[in-house]
Amino acid sequence: MVRIDGKGNGTALVRVRNLDKKYVRGTEEIHVLQGLNLDVDAGDFVAFMGPSGSGKTTLLNLLGGLDLPTSGSITVAGDEITKLSAGSLTSWRARHVGFIFQLYNLIPVLTAFQNVELPLLLTKLSKAERRKHVETALAVVGLTDRMGHFPRQLSGGQEQRVAIARAFVADPTFLLCDEPTGDLDRKNADEIMEIIDRLVREHGKTVLMVSHDPRAAERARFVLHLDKGVLMEAAKAGAGT
Amino acid sequence: MKSFRLVWANLRRKKVRTTLAIGSFAVALFLFGLLAAVRMGFRGGADAAGANRLAVINRVSLILPLPLSYRDRLLKVPGVAAVTYASWFGGVYQDERNFFPQFAVDKDTWFDVYADNVVSPEGRDAFMKDRQACLVGRALAKRFGFKVGDRLPLRGTIWTGNWEFNVVGVYDGNRPEADTSGMFFRADYLEERRAYGKGTVGYYVVKVGNPDDAVQVTKAIDALFENSPFETRTQTEKSFAASFAKQMGNVELLIMTIGSVVFFTLLLVTGNTMAIAVRERSGELAVLKTVGFSDRRVLGLILAEAVLIAGQGGFIGLALAKLVIPRLSRALPMLGVLYVSPLTFAAGFVLAIAVGAAAGLLPAIGAMRLRVVDALRRI
Ligand SMILES: Nc1ncnc2c1ncn2[C@@H]1O[C@H](COP(=O)(O)OP(=O)(O)O)[C@@H](O)[C@H]1O
Ligand SMILES: [Mg+2]
C-alpha cells in the first residue's frame with residue numbers, strides 16, 4: 001500500500017512526514033517540497049511524475065540519504081535517517097539503497113564486472129563470494145557475456161543494465177531510480193522497464209522511480225504526481241491492481 | 001586495499017598526464033640523487049675521516065708549512081700513538097684540466113695512520129724500496145689508465161721543474177665512497193729535490209690511542225707550540241676536511257636551495273595535476289559516495305593515487321641516478337667519487353612519497369568534502 005495522507009499505521013517500509021525542502025539561491029528562496037507525506041510498503045513499486053523542476057530529484061535524493069531536508073522526517077525500515085550524521089548516512093546508504101540514474105553513471109575506467117562489484121567492496125564478502133554475486137546480478141540483467149567490457153564498449157541500454165545490476169547486487173532495502181529510461185529509445189526503455197518490473201515481481205524488491213515517461217510509469221503499481229511541493233494521487237490506469 | 005584496482009585504473013585513464021607527472025618526480029628525484037651525491041662527495045673527506053685522527057696545521061694558514069722537527073716533539077705528547085705528515089704538491093699532469101690531488105707522504109709512518117688506504121703487499125714493498133715510487137688511487141688509475149710500471153710525469157707548480165714518478169701500486173678505499181682520485185709519493189724524494197722549503201712539511205696527522213683523548217691531546221699540542229715561530233692549530237680530521245670543503249664555497253647551501261626549489265615546484269605541479277583529476281572526476285566521485293564509499297575512503301583514493309605517482313616516479317629517478325651517477329662521476333673526476341648511497345635512495349624515496357602525499361592532500365580534501373547532490377547535478 002501507498003498513502004500520501006500521513007496517516008500510515010507504522011508498518012510501512014518508508015515513512016515520510018511533513019517533509020520540507022527549501023533551496024536558497026542568492027536572495028531567492030525556492031520552496032521545493034512543502035510538508036510532503038508518504039508511506040510505502042515493502043515490495044511496492046511507486047512512480048513519481050511531475051513537470052521538470054517540480055522537485056522529483058530532490059525527493060529521491062532525500063529518500064536515499066544523499067541530502068538532508070529543511071524539516072520533517074524520513075524513516076526507512078525503522079531507522080530515522082533524517083537524524084543520522086553524515087558519516088552514518090553514508091554507511092546506511094551502502095546497506096539500504098541502490099541508485100539508478102538517468103545517465104547510468106558508470107565508472108568509465110572499470111569494466112562492467114568491476115562497476116557492479118563496487119558496492120560489494122564495502123562489505124566483508126570474500127573475493128569468491130563477490131564474484132558469485134556479481135555474476136548472478138549480471139545474469140539477471142542479461143549481460144553475462146559483457147562482464148569484461150568497459151562502459152564505452154556498451155550501448156546505452158546495456159550501460160543502464162549494468163547500472164541496475166550495480167544497484168541491486170548488494171541486496172539493498174529499496175531501489176531509487178531517477179528517470180532510468182530518460183536517455184534511451186523506446187525499445188531499450190522497454191527492456192529496462194521489463195528488468196525493473198521483474199525485480200519487483202520476481203525478486204520482491206521495493207522500487208521508487210521518478211519518470212517523465214507515461215509508458216514507464218505505467219509499469220508501476222502506484223503513480224503519484226508531485227505538484228506544488230506535495231504528492232497527489234493520479235488516476236490509476238492499467239496493470240498491477 | 002580492495003579499491004586498489006580503482007586507483008590503478010584511474011592512473012591509467014590519462015596516460016600522457018600520468019606519465020608526465022611520474023616523469024616530473026623521476027627528474028626531481030634524479031636531481032636529488034645527484035645533489036646528494038655531490039654533497040657527499042664534498043663531505044666525503046669529512047665523513048671518511050677517522051675520529052682518532054687529528055690534523056696539525058700552521059695556525060696562520062693551511063698553506064703555510066710546519067717544521068719537520070715537530071715530529072719527534074709530537075710523538076712525546078701523552079695520548080699520541082702515531083705521527084705522520086704530508087705536503088700538498090700541486091703538480092700538473094700534461095694539462096691543467098687534468099687536476100688531481102698529489103701528496104708527498106712519509107713512507108715509514110703513513111700507513112700506520114691511514115690504515116684505510118688499502119695497498120697490496122707488493123705495492124707497499126716497492127713503495128719502500130723505490131725513491132721515486134708513487135701510489136695512485138683506483139679512480140685515478142682508471143681515469144688515466146695508469147698501470148703498475150708506468151712513469152708518471154708531473155710539472156711542478158710550487159716546486160718547479162719536471163718530476164717523474166714510478167707507479168708501483170694502486171690503492172683502494174675500504175668503503176665504496178672512499179676517495180681514490182689522488183696520488184701519493186715519497187716525501188724524502190720531494191725533500192731531496194726541492195729547492196726551498198727544506199726541513200718543513202705541509203701538515204701533520206696525529207693518531208690518538210683513544211678517541212676520547214682527542215680534545216685533551218688537541219689542547220696539549222697547541223699549547224706545546226704556543227709562542228714559537230710556528231704556532232699550530234690542531235683539529236679533528238673531520239673538521240679539517242670540512243674546512244677544506246668550505247673553501248669550495250658554500251656548496252651545501254647552494255644544493256639545499258636548488259633542492260628546495262625543485263621540490264616546491266614539484267609540489268605545485270603535482271597538486272595541480274591532482275586538482276584537475278579530482279575536478280574532472282567529480283561526477284564519478286559522487287557516484288562512489290552514492291554507492292556508499294565514505295568520505296575518508298574517497299580521500300584515501302585520491303591520496304593513494306598521488307602517492308603512487310610519486311612512488312613510481314621517485315623510484316625511477318633514484319634508480320636512474322644510482323645507475324648513471326657513478327658513470328658521470330668518472331667523466332667529471334674533479335668532483336671526487338660520486339655515488340648514490342642506500343641511505344640517499346631511501347631518503348629520496350621517502351621524500352618523494354611525502355611530496356606526493358602533500359600534493360594530493362588539498363585535492364583529496366576537496367574530493368572528501370564534495371557534496372553528492374551538487375556533483376550529480378553538474379553531470
Ligand atoms: N542545490 C540547489 N540549489 C538551488 N536550487 C536547487 C538545487 N537543487 C535543485 N534546485 C531547484 O529545485 C527545484 C527542483 O529541482 P529538482 O528536484 O531537480 O526537480 P526535478 O527533478 O523534478 O526536475 C528546481 O527549481 C531546481 O532549480
Ligand atoms: Mg530530476
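Before reading further, recall that the structure is shown in the block above.
None of these values were measured; they are calculated from a predicted model.

> Hey, could you run me through the overall build of chain B in this one?
Each helix and strand counted, chain B has 14 helices and twelve strands in total. A globule of 379 residues ought to have a C-alpha radius of gyration of about 21 Å, yet chain B, at 29 Å, is considerably larger. Dimensions along the principal axes, computed over C-alpha positions, put chain B at roughly 90 × 45 × 30 Å. By the burial criterion, 47% of the 379 residues in chain B qualify as buried. Intrachain contacts of chain B at a sequence separation of at least 6 include 79% that bridge at least 24 residues. Here chain B has roughly 18400 Å² of accessible surface; of this, 62% comes from carbon and sulfur atoms. Chain B carries 47 positive and 31 negative side-chain charges, and their two centres are separated by 13 Å.

> Can you walk me through the packing of helix 5 (residues 156–168) of chain A against helix 6 (residues 186–201) of chain A in this structure?
Helix packing for two helices is described by the angle between their axes and how far apart those axes are. Residues and elements named next belong to chain A. Closest axis-to-axis distance for the helix 5/helix 6 pair is 10 Å, and the angle between their directions is 15 degrees. Between helix 5 and helix 6, the interaxial angle falls into the category roughly parallel. Judged by the sense of rotation from one axis to the other, the crossing of helix 5 with helix 6 is right-handed. Listed contacts from helix 6 to Gly-157, Gln-160, Arg-161, Ile-164 and Phe-168 of helix 5 are Asn-188, Glu-191, Ile-192, Ile-195, Ile-196 and Leu-199. A breakdown of the residues in the contact of helix 5 with helix 6 according to their chemical character gives six nonpolar, three polar and two charged.

> Explain the interface of chain B and chain A here, please?
It is common to give the size of an interface as the accessible area that goes away when the parts come together. On the chain A side, the residues contacting the 23 residues of chain B number 28 residues. At the boundary of chain B with chain A, total buried surface from both sides reaches about 2200 Å², with 65% on carbon and sulfur atoms. Looking only at chain B, the three residues that lose the most surface to chain A are Lys-2, Arg-5 and Val-291 of chain B, adding up to 26% of its buried area. Put simply, chain B and chain A have two salt bridges between them. For Arg-5 of chain B, the salt bridge identified is with Glu-117 of chain A, shortest N-O distance 2.6 Å. Where chain B packs against chain A, one counts three residue pairs in polar contact (both at pLDDT 80 or more). Broken down by secondary-structure element, the contributors of at least two residues to the side of chain B that touches chain A are helix 1 (4–11), helix 11 (282–291) and helix 14 (372–378) of chain B. Sort the elements by how many residues they give to the side of chain B that touches chain A and helix 11 of chain B lands first, with six residues. A class-by-class count of the residues in the side of chain B that touches chain A yields ten nonpolar, five polar and eight charged.

What counts and how
Each chain has its residues counted from 1, running along the sequence as written. Chains carry letters and ligands carry numbers; both start at the beginning, A for chains and 1 for ligands, and go up in the order they are written. Local features in this predicted model are restricted to residues of pLDDT 70 or higher, and side-chain atom pairs are both shown and tallied only at a pLDDT of 80 or more, whereas totals for entire chains, interfaces and linings draw on every residue. Side-chain measures here rest on the full set of heavy atoms in the structure, leaving out hydrogens and waters. Helix and strand assignments follow DSSP, with helices taken as H or I runs no shorter than four residues and strands as E runs no shorter than two, numbered in order from the N terminus. The globule rule used here is 2.2 Å times the number of residues to the 0.38 power, and the radius of gyration it is set against is calculated over C-alpha atoms. Exposure is judged per residue with a 1.4 Å probe applied to protein chains only, and the accessible area is read against the type maximum: over 50% gives exposed, under 20% gives buried, and values in between give partly exposed. Note on definitions: a residue-residue contact is assigned when non-hydrogen atoms from the two residues lie within 4.5 Å. Accessibility throughout is a Shrake-Rupley quantity obtained with a 1.4 Å probe, and a residue counts as covered only by protein chains that appear here. As used throughout, the charge tally considers Lys and Arg to be positive and Asp and Glu to be negative, leaving His and the chain termini uncounted. The atoms used to mark charge sites are NZ of Lys, CZ of Arg, CG of Asp and CD of Glu. Axis definition: a line fit to C-alpha positions, over the contact stretch in the case of helices; interaxial angles, taken between N-to-C directions, run 0 to 180 degrees. In these notes the angle categories are as follows: under 35 degrees is roughly parallel, over 145 is roughly antiparallel, 65 to 115 is roughly perpendicular, and the rest is oblique. Two helices cross in a left-handed way if the nearer one is turned anticlockwise from the farther one by less than a right angle. They cross in a right-handed way if the turn is clockwise. Put simply, Ala, Val, Leu, Ile, Met, Phe, Trp, Tyr, Cys and Pro go in the nonpolar bin, Asp, Glu, Lys and Arg in the charged bin, and everything else, Gly too, in the polar bin. Accessible area, probed at 1.4 Å, shrinks when two parts are joined; the buried area is that loss added up over both. The salt bridge criterion pairs a side-chain nitrogen of Lys or Arg with a carboxyl oxygen of Asp or Glu, the two atoms within 4 Å. Here a polar contact is recorded for every N or O atom pair within 3.5 Å, except that within protein the pair must consist of a potential hydrogen donor and a potential acceptor, and residues adjacent in sequence are included only if both atoms are side-chain atoms.

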